[in-house]
Amino acid sequence: MRGGGSEATDRGRLPAALLLAAAMAAAAAGCTGSDAEVADDSVRLEVAPAHDSDDLRPDSPVTVRAHNGTIENVTVTTKGDQVEGALNAARTEWRATWTLQPDTRYAVTATALGRDGRTRTATSEFRTAKADQVVATTIEAPYDKETVGVGIPIVLRFDREIADRAAVERALEVRSAKPVEGAWHWFGDQTVVFRTRKYWPRHTDASFTAHLAGVRTSKGTWGGRNQTVRFRIGDEHISRASENSHEMIVRKNGRVVRRMPISMGKGGRLKYVTTNGDHLTMDKANPVVMDSSTVGCPPGCPDYYRQVVYSAVRISNSGEYVHSAPWSVGSQGNSNVSHGCVNASPADARWFYDFSYRGDPFKVTGTVRELEPENGWGYWQLDWDDWAKGSALKRSLKIGPQGTTAVPLT
């Protein structure tokens, strides 16, 4: 009892200045909240969409935020497939990179570490709404696992008009093992094409993913599925065909590997003039039926023809091929007698057929009919500035193995 009485007495003798300082400190502590709140360093997780949310728009953002701590791991899955996402620099927020599949249930599991050294895990489930209408897509080029030429475009076609072209373009991802610059270009509302600024580097692995599931393409219409193709750029094949010299020169990796005498379009009518400019080899078939009905000359037309040709490599959509033409061997190398195709001998045509990839540059010179950019894959007919202006987002893209960096147009 004596000690207690003494403690009370000592306390009563504290200098007034110390009592004032203690009171001020207590008042300052009171501004930060209760003692329990100050001491609470446990982490809190906030997941969106909320648990058991239903009929969500497929483009609803999926986020996980950590308060009083950092995020250690987030998985968002559906049927075993994992949704791609990324953390911010502070590791306090995770956000899904792409939109979600319509009419699909998702499960979220997130773990975070608090300032107190303890972890906390949160789970959530939600479901996206069924799409009223779904847009179908076709990747015309390249095919999955295809070896292609250095000029290959990525051609994506839609079965209906796209109103929000910017949203679609944001969902398109290109990766390349070697750095390239490229841009998307819209031809109308149903076709978008990626082209590099310069030719692809040879012997390069690349991929394209259309993350279109859940993208709102127009009112009431959504992308229905994602698609990925992986392809390889092969050797550099570049051919040059001259109407004036009646010769075609083929180079492989910069070295001339074949010179061919040829015959090109005879003229007389514009449709019988071989188109001039930067073509790409598009596909090949053996045989092909050449029918003038496809270029506006049906049976009964004075110039009507229907003929089977072999070793045919297509270079436009206006009926132009490099193909075997044994009937014109005498004219090859000295005169132009074809209906617009590049005629070659059976041996030369067969060699070129076996040699070609889809997407090899093929330049025609000396004619008076210019290839239109939308005639087949005439995309290299546009200079780079005009090409990049066709992007809905008005940007070019620096592409590498880790992804894409956008470069706004100046």
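Presented here is an overview of the structure given in this document. (Residues numbered from 1 in each chain as written. Predicted model: local features only at pLDDT ≥ 70, side-chain atom pairs only at ≥ 80, totals over all residues. Heavy atoms only, no water.)

Remark on secondary structure: sheet strands pair via backbone hydrogen bonds, oriented parallel or antiparallel. The mixed open sheet is built from five strands, whose spatial order is β23-β22-β21-β31-β24. Looking at which strands have only one partner, the edges of the open sheet turn out to be β23 (255–261) and β24 (277–280). In this sheet, adjacent strand axes meet at a mean angle of 20° when their direction is disregarded. As judged from the six bridges shared by strand β22 (residues 247–252) and β23, these two strands associate in the antiparallel manner. What sits directly across from Met248, in β23, is Met260. Most of the contacts of helix α5 (residues 346–355) go to β23, to which it runs at about 140°, and overall it touches β21 (237–242), β22, β23 and β31 (361–365). (Pairing = 2+ DSSP bridges. Helix = DSSP H or I, 4+ residues; strand = E, 2+ residues; numbered from the N terminus. Axes fitted to C-alpha atoms, helices over the stretch in contact; angles between N-to-C directions. Contact = heavy atoms within 4.5 Å.)

Another aspect to go through is the nonpolar core. Formed by 44 residues in total, the largest nonpolar core has its most connected members in Phe208 and Phe231. Ranked by residues supplied to this core, first place goes to strand β15 (residues 180–187) with five residues. Dropping the residues within four chain positions of it, Phe231 is found in contact with Pro142, Tyr143, Glu146, Val148, Ile152, Ile154, Trp200, Thr204, Asp205, Ala206, Ser207 and Phe208. By size, the runner-up hydrophobic cluster in this structure holds 20 residues, among which are Leu56, Val76, Trp94 and Ala96. (Core = buried A, V, L, I, M, F, W, Y, C linked by side-chain atoms within 4.5 Å. Buried < 20%, exposed > 50% of the residue type's maximum accessible area, 1.4 Å probe, protein only.)

All right, on to the pairing of strand β8 (residues 105–114) then. Going residue by residue along β8, you find Tyr106, Val108, Ala110, Ala112 and Gly114 tucked away on one face and Arg105, Ala107, Thr109, Thr111 and Leu113 left uncovered on the opposite face. In this sheet, β8 lies alongside strand β4 (residues 69–78) in antiparallel orientation, the contact comprising eight bridges. Looking at the pairing, Asn73 lines up with Thr111 of β8. Between β8 and strand β9 (residues 119–128), which pair antiparallel in sequence order, lie four residues; one of them, Gly117, sits at a positive phi of approximately 85°.

Across the sheet, which stays open at both edges, the four strands sit in the order β12-β20-β17-β14 with mixed pairing between neighbours. If you trace the sheet from one side to the other, it starts and ends with β12 (147–148) and β14 (172–176), each paired once. Two elements, β12 and strand β20 (residues 227–233), share two bridges in a ladder whose sense is parallel. Within β20, the residue paired with Val148 across the bridge is Ile233.

Note on terminology: disulfide describes a covalent bond linking the sulfur atoms of two cysteines. Applying the stated criterion across every chain, the model contains one disulfide. Between the sulfur of Cys297 and that of Cys301 lies a disulfide, 2.0 Å long from S to S. Taking the sign of the torsion about the S-S bond as the criterion, the disulfide between Cys297 and Cys301, at about -100°, is left-handed. For Cys301, a relative accessible area of 17% corresponds to the buried category. No disulfide involves Cys341; its sulfur sits 14 Å from that of Cys297, the nearest cysteine. (Disulfide = S-S within 2.5 Å.)

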